[in-house]
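# Examining the three-dimensional arrangement
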Amino acid sequence: MGYNIFTYNSSSLKNNTKGNWIIPLNSTGTGTGVSTLKLTVSDTTTMYITGAGKFYTDAAGTLGESTTVTITSGASRTFYLKVTTGTSNIIIYRGNSCVTKLDEWTSSTNAANINLMNLNSIPFVMTYFFCAGNNTITGDLSNLSNIITYFNCQGNNTVTGDLSNLPTVMNTFLCTGSSVITGNLSSLPTVMTFFYCAGTNTITGNLSSLSSIITYFICYGYNTITGNLSSLPSVMTYFNCTGNNTITGNLSSLPTVMTYFNCYGSNTIQQYTGKTWANNMQRVYLRSNTATNLTAQMNDQLLIDLNNAGGTWSVEKIINLKGTRTTASDSAVASLVTKGVTVTVN
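Reading the values: rules and limits
Residues numbered from 1 in each chain as written. Predicted model: local features only at pLDDT ≥ 70, side-chain atom pairs only at ≥ 80, totals over all residues. Heavy atoms only, no water. Pairing = 2+ DSSP bridges. Helix = DSSP H or I, 4+ residues; strand = E, 2+ residues; numbered from the N terminus. Salt bridge = Lys/Arg side-chain N within 4 Å of Asp/Glu carboxyl O. Buried < 20%, exposed > 50% of the residue type's maximum accessible area, 1.4 Å probe, protein only. Axes fitted to C-alpha atoms, helices over the stretch in contact; angles between N-to-C directions. Parallel < 35°, antiparallel > 145°, perpendicular 65-115°, else oblique. Left-handed = near helix turned anticlockwise from the far one by under 90°. Contact = heavy atoms within 4.5 Å. Nonpolar A, V, L, I, M, F, W, Y, C, P; charged D, E, K, R; others polar. Phe/Tyr/Trp six-rings, centres within 6.5 Å; stacked < 30°, edge-to-face > 60°.

### Topic: the pairing of strand β8 (residues 99–107)
- Looking at chain direction, strand β2 (residues 35–41) and β8 are connected through seven bridges and run antiparallel. Pairing of T40 across the sheet is with K101, part of β8.
- Bridge count for β8 against strand β10 (residues 128–131) is two bridges, and the pairing is parallel. Note on β10: the bridge partner recorded for K101 is Y128.

### With respect to the pattern of salt bridges
- The full count for this structure, using the stated rule, is three salt bridges.
- We note a salt bridge from E316 to R283, for which the minimum N-O separation is 2.7 Å. Of this pair, E316 sits in the loop between α3 (296–308) and β25 (318–321) while R283 is found in strand β24 (residues 283–288), placing the two residues 33 residues apart along the sequence.
- Judged by its relative accessible area of 12%, R283 falls in the buried class.
- R325 is the salt-bridge partner of D330, the closest N and O atoms lying 2.7 Å from each other.
- Residue D330 is classed as partly exposed on the basis of its relative accessible area of 37%.
- Judged by relative accessible area, which is 31%, R325 ranks as partly exposed.

### Quick notes on the packing of α3 against helix α4 (residues 330–338)
- The contact between α3 and α4 brings their axes to 9 Å, and the two run at 45°. Judged by the inter-axis angle, α3 sits oblique to α4. Taken as a pair, α3 and α4 cross one another with a handedness that is left-handed. When α3 is examined against α4, the residues L303, I304, L306 and N307 are found in contact with a partner set consisting of A332, V333, S335 and L336.
- For the contact of α3 with α4, the class distribution of residues is six nonpolar, two polar and no charged.

### As for the packing of aromatic side chains
- Applying the stated rule across the entire model yields twelve aromatic pairs.
- Measuring from centroid to centroid gives 5.3 Å for F129 and F151, while their planes differ by 15°, and the two rings are stacked. Of the two residues, F129 sits in strand β10 while F151 sits in strand β12 (residues 150–153), which places them 22 residues apart along the sequence.
- Exposure remark for F151: the relative accessible area of 0% places this residue in the buried category.
- Relative to F195, the ring of F173 lies with its centre 5.7 Å away and its plane at 20°, an arrangement referred to as stacked. With a gap of 22 residues between them, F173 in strand β14 (residues 172–175) and F195 in strand β16 (residues 194–197) connect regions that are remote in the sequence. Of the two residues examined, F173 and F195, each falls in the buried class.

Coordinates in, geometry out; function isn't part of it.
Right, here's the structure in full:
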């Protein structure tokens, strides 16, 4: 029996274990930009593009123009495409049962946008999902495959759902955009090492609920996270928590490997008794929307200790503390500034 690509539509294929995977696209701006699509399949298959869409063999989108390509099984395969006007569909033959990884979707300016694709249309055999380019992906976390271990969805997505619906095997979760995620930190998979959730989220829970192996934690939104800094996993290197949080504790109890610390909310962190910091720091930001802050003497000691850590500051190179300091930390501040660090205490 022949295969007619025009007899299929995305709504009829959702959760169809034998069907083709359809990725809906629309043009943006002038339509001259190039999108990069990387896929891994378990069986060699064919991929089509409809409408004004075209595939190319080079990143500039000028060579090997076609509307049909072969995806060879094995390693990740890279494809380039344009949608110059209107809407198009990428149709992957038997995609729902053979696409194991969306290794990458990235877009340049004026490039195609993944348009309103729902999470429930993602192939049930997929273990890896990385969509950083133009997209307006929708859907609930409960629709994710229960074998997906890596989920990275950026762009203008409107993903919703509760953390309790994340697959138990998921080790990486990154969701930014206009997402509305709810749930308690205690629901996070125990194998999770990377958690980045940004949007209008309302996440709750205590820091003590975090997995002991999580190294990277970012949580933006209208969150109401509680807990003591001493509960953070000893392997955590990156902590960024904002919202209506009420975090407490002694800053000295932060993990020794932490290089990035950003904490804002209704926190009551007002102790620092000294510590040895990592020698590759990036940021220390501690502010509360309450009257709480470290004393001037604590801020002095913190600045002195950060300077004594030596090494090289990288990336943001920021220290921002609420409160005051004294002349006792003048030398440390001057030294930090020579390292390119912006120091603010007010």
